[in-house]
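Fold and contact review
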Amino acid sequence: MDIHNRNWIETVAKEHSPFNPDQKVLEIGSWIAPGQEAIVCRQTIAPVVGEYVGLDMQEGPGVDVVSDAKQMPFADEEFHVIISTDCYEHVDWPREVTHEAFRVLKQGGVFYLTTVFDFEIHGYPDDFWRFTPNCIRLLLEDAGFDVVEVHGCGANGVRPGIVRGIGIKR
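The text that follows walks through the structure, step by step, so that each part is easy to find. Predicted model only: the values in this text are computed from it and were never measured.

**Topic: the packing of aromatic side chains**
Summed over the entire model, instances satisfying the criterion amount to eight aromatic pairs. A ring pair is formed by Tyr88 and Phe111, whose centres lie 6.5 Å apart and whose planes are at 50°; its orientation type is tilted. With a gap of 23 residues between them, Tyr88 in the loop between strand E4 (79-85) and helix H3 (94-104) and Phe111 in strand E5 (residues 105-116) connect regions that are remote in the sequence. The two residues Tyr88 and Phe111 agree in class, both being buried. Three or more aromatic residues joined by ring pairs form one cluster here, namely Tyr88, Trp93, Phe102, Phe111, Trp129, Phe131 and Phe145. The ring of Phe79 has Lys24 lying over it, and the distance from NZ or CZ to the ring centre is 5.1 Å. Cation over ring: Lys169 sits above Phe102, and NZ or CZ is 4.6 Å from the ring centre.

**Overview of helix H4 (residues 133-143)**
All of the buried residues along H4 are Ile136, Leu139, Leu140 and Ala143. On an axial view of H4, the arc spanned by its buried residues comes to 90°, and they lie on one face. Those residues of H4 that are exposed and aimed more than 90 degrees away from the buried face are Asn134 and Leu138. Its buried side turned inward, H4 meets H3, E5, strand E6 (146-153) and strand E7 (162-168). Gly144, located one to two residues past H4, shows a positive phi value of around 115°.

Definitions and cut-offs
Residues numbered from 1 in each chain as written. Predicted model: local features only at pLDDT ≥ 70, side-chain atom pairs only at ≥ 80, totals over all residues. Heavy atoms only, no water. Phe/Tyr/Trp six-rings, centres within 6.5 Å; stacked < 30°, edge-to-face > 60°. Helix = DSSP H or I, 4+ residues; strand = E, 2+ residues; numbered from the N terminus. Buried < 20%, exposed > 50% of the residue type's maximum accessible area, 1.4 Å probe, protein only. Lys NZ or Arg CZ within 6 Å of the ring centre and 35° of its normal. Arc of directions from axis to C-beta. Contact = heavy atoms within 4.5 Å.

Here it is, written out as structure tokens:
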């Protein structure tokens, strides 16, 4: 997790879907790594929404539901917003997770996705992928999202440290 990703989500949410007490928010990959307690999305977003659900494949801090994100135990169109920050590099089959995110997101809902690109290999519990902006666009579009933003951050976009995307379920 990177504090800049949380700040970006909080900023762009004001335009796409301002956080409010009527929303149910899902965070995919919610396990909080040691030392990151103060910078996670849950810290500032959970207090202003109706319900904040953290899903991860392992128990631990920040995790409300332990489940494989490829087969989430939620109803269709259950969430208003989905957040996934610095998780996709740890997912074995990200295409399936993106399709599942589309399934559990309400019509008009927003998916905020960030992942590392230029970063050391780090296992939580494993590290599989690095995504370009075009790859994030492809994943979102393939699942059915309307892509409203995809970009790389850092090193003038040539070798981004982070890749971010926003998809809306229309």
